[in-house]
Amino acid sequence: MLVDVAQFYHEFDFTYARSRGPGGQNVNRTNSAAILRWNLRDTLMLPDNIKERLLVKLATQLTDDGDILIRSEEFRDQDQNRSACLKKLQALLQKALFVPKKRIATKPSRSSVRKRLDSKKRHSEVKAGRKKVSN
């Protein structure tokens, strides 16, 4: 299931802080790191079943209030860091909502079973032929 984080934009709370990333001495003067805060418990954009699934899968990454915090400081620009936060959130949601395909057990075909048993029998006969002949 694809989730488009753009539809949640009004629910996001962005704050900005001093960055440890690239920018030279400029990072000491500007707030270029973006911090995204999104409350998963209170969101109105997701159906309850998906919300419950996300709450279970992302339980270790939630704050006590049910917020997801994502920080980006890869770029010198605040807008680029905000976009990076959204991309990180998109990837996080996609990974959490992924459902692996259910494995369907299959039986081996009759010919493959027969070939396996014939091979075992041949191997057994070879080993039996190595025994000492008793008088």
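Structure shown above.
Residues numbered from 1 in each chain as written. Predicted model: local features only at pLDDT ≥ 70, side-chain atom pairs only at ≥ 80, totals over all residues. Heavy atoms only, no water.

Description of the nonpolar core
The line we're drawing: Among buried residues, those of type Ala, Val, Leu, Ile, Met, Phe, Trp, Tyr and Cys that are joined through side-chain atoms within 4.5 Å constitute a nonpolar core. Buried, partly exposed and exposed residues are distinguished by accessible area as a fraction of the type maximum, computed with a 1.4 Å probe on protein chains only: under 20%, between the cut-offs, and over 50%, respectively. Counting from the N terminus, the helices are DSSP H or I runs at least four residues long and the strands are E runs at least two residues long. By definition in these notes, contact holds between two residues if any of their heavy atoms fall within 4.5 Å.
Ranked by size, the top nonpolar core spans 23 residues in total, and within it F12, W38, L40, L54, L58, I68 and L89 carry the most contacts. Put simply, the parts of the chain that give this core at least two residues each are β2 (33-39), α1 (48-57), β3 (67-72) and α2 (78-97). With seven residues, α2 is the largest single contributor of residues to this core. The residues touching W38, leaving out its near neighbours within four places in the chain, are F8, E11, F12, T43, L46, G66, D67, I68, L89 and L93.

Comments concerning the packing of aromatic side chains
Which entries qualify depends on this criterion: Aromatic rings from Phe, Tyr and Trp, with only the six-membered ring used for Trp, were paired whenever their centres fell within 6.5 Å, and each pair was classed as stacked if the ring planes differed by under 30 degrees, edge-to-face if by over 60, and tilted otherwise. Comment: the charge-over-ring label is applied if NZ (Lys) or CZ (Arg) is within 6 Å of the ring centre and within 35 degrees of the ring normal.
Applying the stated criterion to the full structure yields two aromatic pairs. Ring geometry for F12 and W38: centres 6.0 Å apart, planes at 85°, overall edge-to-face. With F12 in the segment before β1 (13-17) and W38 in strand β2, this residue pair connects regions lying 26 residues apart in the sequence. One exposure class covers both F12 and W38, and it is buried. The rings of F12, F14 and W38 are connected pair by pair, giving a single aromatic cluster. Positioned above the aromatic ring of F14, the side-chain terminus of R82 is 6.0 Å from the ring centre.

Brief notes about the environment of D42
Relative to the helices and strands, D42 resides in the loop between β2 and α1. C-alpha of D42 to C-alpha of L58: the two residues are 16 residues apart in sequence and 15 Å apart in space.

Observations concerning the packing of α1 against α2
Using the following cut-off: Geometry is summarised by axes, namely lines fitted to C-alpha atoms with helices restricted to the contacting stretch, and by angles between N-to-C directions that run from 0 to 180 degrees. Roughly parallel here means an angle under 35 degrees, roughly antiparallel means over 145, roughly perpendicular means 65 to 115, and every remaining angle is called oblique. In this count, Pro and Cys sit with the nonpolar residues alongside Ala, Val, Leu, Ile, Met, Phe, Trp and Tyr, while Asp, Glu, Lys and Arg are called charged and the others, Gly among them, polar.
Two numbers describe how α1 lies on α2: the axes approach to 10 Å, and their chain directions differ by 100°. On the basis of the axis angle, α1 is roughly perpendicular to α2. The residues of α2 that touch α1, namely those facing I50, R53, L54 and K57, are L93, A96 and L97. Taken together, the residues of the contact of α1 with α2 break down into five nonpolar, no polar and two charged.

All quantities given are derived from atomic positions and should not be read as evidence of function.
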